[in-house]
Structure formats: structure tokens, C-alpha cells
Amino acid sequence: MNPTRPPVLVVGAGPAGLVAALTLLQNGIPVRIIDKEHNHRMGQRGPGIWPRSLELFNFLDVPEHVPKLMGQQLLDVILRRHLEKYSCSVEMDTELRSFEQSDEGVIAVLAKNGTLETFDTKWMIGADGAKSVVRKQLVLTFLGDTRDDIRMVMGDIRLHSVGLDRTYMHRFGNVTGRGLTLRPTDEIGDDGWQFLLSVADVDLTKLAQSEELIMEIIASLLPMAVTFNKIVWVSEYRANIRMVNKLSEGRGFVVGGIIQSPAGGQGLNSGIQDAFNLGWKLALVEKGLADKSLLETYNAERLPVISEMLERTTTIVNQAIKTENMFPPRSTILFMLGINCRFSNIVLDEFAIPGKPINAYGIPDEGHLEAGDRAPDAPNILQLWHGESDVKTLFSLYRPSYHTVLVFAPSLGGAKPILGALEAYDKSVVRSAVVLPSSATGVTVASATDLVLVDQEGHAYSAYLMEAGQTKVFVIRPDGVIGAIVHGAEGVKKYLSGIFLGV
């Protein structure tokens with residue numbers, strides 16, 4: 001392979017592809033990201049950004065405030081803007097036609113402006129959606145159903161009505177006959193709305209092609225007068241509830257290996273988390289710091305989550321159809337904060353009780369914490385630094401390019417044996433922080449390499465279920481997952497030896 005060419009080709013520039021590219025770039029891995037569309041996609045599409053995805057954006061240093069009910073079009077803009085800070089931009093109108101892979105790399109055939117290009121790279125990530133060329137050529141199956149009972153026309157429209165309060169989402173009609181949902185979306189204008197139309201007595205394909213008919217039906221469902229400006233974007237939607245049988249083959253991977261039902265908004269968020277899980281592992285392998293076998297854990301950790309997610313959200317959809325309510329009250333499980341990989345062979349927990357049932361797609365339990373769980377945040381942590389202090393959150397420490405070793409100890413002296421063992425590791429991939437209880441006094445920071453935190457309000461000790469007199473070590477992975485919970489230095493070294501080569 002040409003050494004000047006990026007070692008990773010990302011195919012598809014939706015949220016999952018952009019997050020994959022950002023994660024690799026923040027790890028110092030150059031990428032090339034392409035999209036076959038001539039222009040960036042219009043349409044708000046899935047508007048639900050769940051809390052776990054917002055946390056991952058924080059780890060990626062995405063600076064803009066990302067609201068929970070933001071559509072995909074604006075999310076893509078924010079992520080592309082962040083991508084450009086790493087001197088990387090999406091190559092539009094560039095289509096993957098085919099590829100071949102070997103033990104050494106991938107040779108891709110691309111089409112751009114009618115011209116074919118052969119591109120040599122080492123790894124390929126497919127984020128190219130339901131009709132993925134990467135998935136098809138990797139011969140990954142796409143199991144599941146297309147639901148003819150869940151069809152609608154969706155799009156973005158600009159309209160004005162005195163009785164429509166833009167503070168709220170509005171629903172009119174019913175699921176079985178004619179139904180309309182309107183969500184205010186300032187992204188397309190101060191009179192912008194995202195609409196969902198379900199109409200049992202009209203051919204939806206024809207409806208999607210007729211702006212006049214769409215406006216007519218919307219006007220008939222609204223109980224107040226309405227003035228239409230224009231339809232910005234429209235598409236027919238049919239629920240496909242499918243997942244791949246695996247997420248990789250050789251040097252090729254797919255992210256977003258799931259097509260979701262409209263209940264729960266888990267598809268976009270799941271793809272983002274796929275990309276984050278894969279990105280840090282691929283970066284370590286590409287740098288020569290981890291064995292290629294680490295990439296096998298991408299399949300092992302994400303597939304159980306996707307499978308349980310599909311089962312749970314399909315149940316929600318079936319219940320919604322039965323009760324004729326397509327927007328039932330949201331369960332906290334959909335926030336995705338309980339997703340875990342406790343079953344993974346690269347996590348280590350010296351405190352866990354073996355034999356307990358594991359739900360990969362679970363509900364967070366603040367009274368229980370194991371390796372493989374999402375690492376909790378904690379606010380108002382006081383950082384001590386040579387006579388100065390600063391207030392931080394634990395999340396401000398976590399980034400996709402390194403592991404963070406949190407040493408909870410009653411005193412700085414009690415943490416020194418563990419810190420000493422960590423001196424053998426490169427600070428660019430393993431960083432440490434001592435977390436002292438609020439009762440700690442007279443603490444002196446002896447070395448510039450020590451990150452010493454005082455949990456002045458007890459949030460960290462509470463979130464990590466610690467008692468003031470205990471010593472316990474939490475190793476936080478680059479994706480914000482607890483990789484290990486151990487007693488001391490030997491446990492830390494055992495965990496890190498399962499990640500890094502030559503350790």
C-alpha cells in the first residue's frame with residue numbers, strides 16, 4: 001500500500017460514518033471518507049439523539065450544543081464541521097463500486113465524476129446504510145422483516161398556523177385511519193416542521209410524489225387554519241426491522257448494522273455507538289499497539305446489544321399498533337445508558353459475582369456497577385495542581401485515544417504503588433488519576449504527571465459505589481466503558497495485557 005494514503009476508508013458520511021472518522025482522527029489515524037450522493041442529504045429524518053450518544057459526542061470534543069431532538073441533517077453539519085478541524089472533509093459524489101481484500105489490505109474501486117479510481121488502503125468501514133455495498137460484498141446477511149403495517153410519508157415542511165405552539169410536538173388523527181405528527185424544527189426555518197403522515201386510504205407511494213395531496217391531507221387533519229410555504233423534503237417510509245449476522249469480515253467492517261422501527265429511535269444512536277466501539281480498537285491495531293484479535297471483540301460486544309435492542313423495540317412497536325398509539329411513553333431503557341458488555345472477554349472484574357444473568361441492552365442500576373458497564377460521570381471534582389485547583393467532571397478526563405485509570409484511595413500515599421506500576425505505560429495511551437474522598441486534607445501534589453482529584457461533594461464516590469476508606473481501581477476504556485474493576489496494580493497490569501502488545 002502507498003504509505004502516503006490514509007490507512008482507513010470510510011464509506012458513507014451519515015452520523016455513524018462521521019463518528020468513525022472522528023474517532024480515528026482523534027487517535028492520529030488518517031482516514032478518507034466518501035459518500036456517493038452528489039449533495040449532502042436533506043431531511044431531518046430520525047430526530048432522537050439519546051443520552052448515551054450525547055456522552056460520546058462529549059468524549060469526541062464536539063463543541064456545539066447538540067439538542068436531544070435535533071434532526072440528522074443538522075447533526076451531520078455539526079459533525080462535518082468538527083471533521084474539518086482535522087484537515088479532513090467528505091468527498092461527495094464518490095461511490096464505492098467494488099473491492100477485494102487480502103491479509104495485507106483492501107483494494108477498492110471508486111467512481112467519481114464518471115472516472116474509475118483504484119484505491120489501496122488497509123481497512124474499510126461501511127457506513128453506507130440499508131443498501132450497503134460494503135455489507136453485500138462482505139457477504140453479511142441482513143436478517144429480519146419489512147413491516148407493511150408500519151408505513152408513512154415523512155418530510156420537512158414550512159407552514160404557519162396561529163394555533164400551533166412551536167414549543168411542543170403535535171399529533172392529530174389516529175394510527176388506523178389518518179394520522180399526522182408535527183415537530184417544530186428551526187433547522188429549516190422559523191416556520192419549519194418535520195411531519196409524519198399515516199394514511200390508510202391513500203397509496204403512500206403516490207402521496208409521497210404529490211405535494212398538493214400532502215398539503216391537502218395535512219390541512220384536513222389540522223383543526224385550525226393553515227398557510228403553506230413549501231415542502232422542503234419528503235420520502236416514503238416503511239419499517240424494516242433487520243440486523244446483520246456479523247459486523248466484520250477480514251479487514252472490512254460495517255457500522256450501523258441495524259435498520260430500526262420508528263419506535264425508540266435506536267438505529268441512528270446504535271450506529272454511532274458501533275463506530276465508537278470499533279474506532280479506538282482499530283486505532284490501537286493500526287498503531288501496532290494491539291493485536292488484530294482485539295478487533296474480534298467489536299462483533300462480540302456489539303451484536304448482543306443489537307439483538308436485544310431489536311427484540312425490545314419490536315415489542316414496543318407491536319404494542320403501539322395494538323393500542324393505536326405510535327408514540328407510547330418512553331422507557332428509560334431507550335436512553336441506552338444501561339447498555340453493557342459485561343460478558344466481553346477483554347473486561348476484568350475482580351469483585352463481580354459469577355453466574356449472574358446479563359442483559360446487554362439493560363436498564364441502568366445506580367446501585368450496581370460492574371466492568372463492562374458505562375462509566376458514570378461525576379460533577380464538581382476538585383483537581384489539585386501545584387498549589388492551584390480547578391473544578392472538573394470525570395467525563396472531562398475521558399477521551400477516545402487513551403485509557404483512564406481511576407485510583408480511588410483514602411490517601412495519595414496509598415495510591416503510589418499503583419501509580420508506580422503505571423509508569424511503564426506510554427502516557428499517550430494510558431493516563432491515571434487519583435480520586436480522594438472529600439475528607440482528604442493537606443494533599444500535596446509531588447509530581448507534574450500525577451492527576452489528583454478530590455471528590456469534594458462525594459459525587460464520584462457515590463456513582464462508583466465507593467466508601468471513603470476503600471482502595472479500588474477502575475480502568476475506563478477510550479469509549480467510556482469500564483474495562484476493569486480491580487484491587488490494585490496486578491489487576492491493572494492483567495487487564496492492560498489483554499489489550500496491548502508487549503505488556
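Described below are features of the structure shown in this document.

Thresholds applied
- Residues numbered from 1 in each chain as written.
- Predicted model: local features only at pLDDT ≥ 70, side-chain atom pairs only at ≥ 80, totals over all residues.
- Heavy atoms only, no water.
- Axes fitted to C-alpha atoms, helices over the stretch in contact; angles between N-to-C directions.
- Helix = DSSP H or I, 4+ residues; strand = E, 2+ residues; numbered from the N terminus.
- Parallel < 35°, antiparallel > 145°, perpendicular 65-115°, else oblique.
- Contact = heavy atoms within 4.5 Å.
- Nonpolar A, V, L, I, M, F, W, Y, C, P; charged D, E, K, R; others polar.
- Salt bridge = Lys/Arg side-chain N within 4 Å of Asp/Glu carboxyl O.
- Buried < 20%, exposed > 50% of the residue type's maximum accessible area, 1.4 Å probe, protein only.
- Polar contact = N/O pair within 3.5 Å; in protein donor to acceptor, adjacent residues only side chain to side chain.
- Phe/Tyr/Trp six-rings, centres within 6.5 Å; stacked < 30°, edge-to-face > 60°.
- Lys NZ or Arg CZ within 6 Å of the ring centre and 35° of its normal.
- Pairing = 2+ DSSP bridges.
- 1 Å grid on protein atoms, 1.4 Å probe; cavity = no way out; pocket = protein on both sides within 12 Å on 5 of 7 lines; lining within 4 Å.
- Points joined across faces, edges and corners; volume = space filled by probe spheres on them.

Details of the packing of helix H7 (residues 266-286) against helix H8 (residues 296-323)
Reasoning step 1: Following both chains from N to C, one finds H7 and H8 inclined at 170°, their axes separated by 10 Å at the closest point. Our classification of the angle between H7 and H8 gives roughly antiparallel. Listed contacts from H8 to Gln-266, Ser-270, Gln-273, Asp-274, Asn-277, Leu-278 and Lys-281 of H7 are Thr-297, Tyr-298, Glu-301, Arg-302, Ile-306, Met-309 and Thr-313.
Reasoning step 2: Across the contact of H7 with H8, the residue classes break down as four nonpolar, six polar and four charged.

What to know about the pattern of salt bridges
Reasoning step 1: Summed over the entire model, instances satisfying the criterion amount to 20 salt bridges.
Reasoning step 2: A salt bridge links Arg-97 to Glu-95; the nearest nitrogen and oxygen atoms lie 3.6 Å apart.
Reasoning step 3: Of the residues examined, Arg-97 reaches a relative accessible area of 46% and is grouped as partly exposed.
Reasoning step 4: Overall, Glu-95 belongs to the partly exposed group, its relative accessible area being 29%.
Reasoning step 5: Each of the salt bridges in this network shares a partner with another, and the network as a whole consists of Arg-32, Glu-91, Lys-112 and Glu-117.

Some words on the side chain of Asn-340
Reasoning step 1: Looking at where Asn-340 falls in the secondary structure, it is placed in the loop between strand E15 (338-339) and strand E16 (348-349).
Reasoning step 2: Only 2.7 Å separates the side chain of Asn-340 from the backbone oxygen of Asn-359, close enough to count as a polar contact.
Reasoning step 3: Aside from chain neighbours lying at most four places away, what touches Asn-340 is Val-305, Ile-358, Asn-359, Ala-360, Gly-372 and Asp-373.

Observations regarding the packing of aromatic side chains
Reasoning step 1: Overall, the coordinates contain ten aromatic pairs when judged by the stated rule.
Reasoning step 2: Look at Trp-123 and Phe-253: their rings are 6.3 Å apart centre to centre, the planes differ by 40°, and that puts the pair in the tilted class. Residue Trp-123 is located in strand E6 (residues 123-126), and its partner Phe-253 is located in strand E13 (residues 252-254); the two are separated by 130 residues in the primary sequence.
Reasoning step 3: On the basis of relative accessible area, Trp-123 is assigned to the buried category, the value being 3%.
Reasoning step 4: By relative accessible area, Phe-253 is classed as buried at 1%.
Reasoning step 5: Both rings, one in Tyr-464 and one in Phe-474, keep their centres 5.0 Å apart while their planes meet at 80°; by these two values the pair is edge-to-face. Residue Tyr-464 is located in the loop between helix H10 (459-463) and strand E23 (472-476), and its partner Phe-474 is located in strand E23; the two are separated by ten residues in the primary sequence.
Reasoning step 6: One aromatic cluster is present, built from ring pairs that chain together Phe-59, Phe-276, Phe-395 and Tyr-398.
Reasoning step 7: We note Arg-431 situated over the ring of Tyr-402; from NZ or CZ to the ring centre the distance is 4.0 Å.

So, the pairing of strand E5 (residues 115-121)
Reasoning step 1: Sheet analysis places strand E4 (residues 106-112) next to E5, joined by seven bridges and oriented antiparallel. Residue pairing across strands places Val-109 opposite Thr-118, the latter belonging to E5.
Reasoning step 2: Turn length for the E4-E5 hairpin, with the two strands adjacent in sequence and antiparallel, is two residues, and the turn residue Asn-113 shows positive phi of about 55°.

A word on the side chain of Arg-399
Reasoning step 1: Within the element layout of this structure, Arg-399 appears in the loop between strand E19 (388-392) and strand E20 (403-408).
Reasoning step 2: In this structure the side chain of Arg-399 is engaged in a polar contact, spanning 3.0 Å, whose partner is the side chain of Asp-61.
Reasoning step 3: A polar side-chain atom of Arg-399 sits 3.4 Å from the main-chain carbonyl oxygen of Phe-395.
Reasoning step 4: In this structure Arg-399 touches Asn-58, Phe-59, Asp-61 and Pro-478, once residues within four positions along its chain are discounted.

Thoughts on the layout of surface pockets
Reasoning step 1: Its volume calculated, the second largest pocket comes out at about 530 Å³.
Reasoning step 2: Along the walls of the second largest pocket sit 21 residues, with Leu-337, Pro-364, Asp-365, Glu-366 and His-368 positioned nearest its centre.
Reasoning step 3: For the lining of the second largest pocket, the secondary-structure elements that each account for two or more residues are E15 and H10.
Reasoning step 4: Residue composition of the lining of the second largest pocket, grouped by class: nine nonpolar, six polar and six charged.

Examining the sheet that holds E4
Reasoning step 1: Ordered by their spatial adjacency, three strands build an open sheet running E3-E4-E5, and the pairing between neighbours is antiparallel. Either end of the sheet is taken by a strand with one partner, and the two such strands are strand E3 (94-101) and E5. When the angles between neighbouring strand axes are averaged without regard to direction, this sheet yields 25°.
Reasoning step 2: Where E3 lies against E4, seven bridges are found, and the strand directions are antiparallel. Considered in E4, the bridge of Thr-94 is made with Lys-112.

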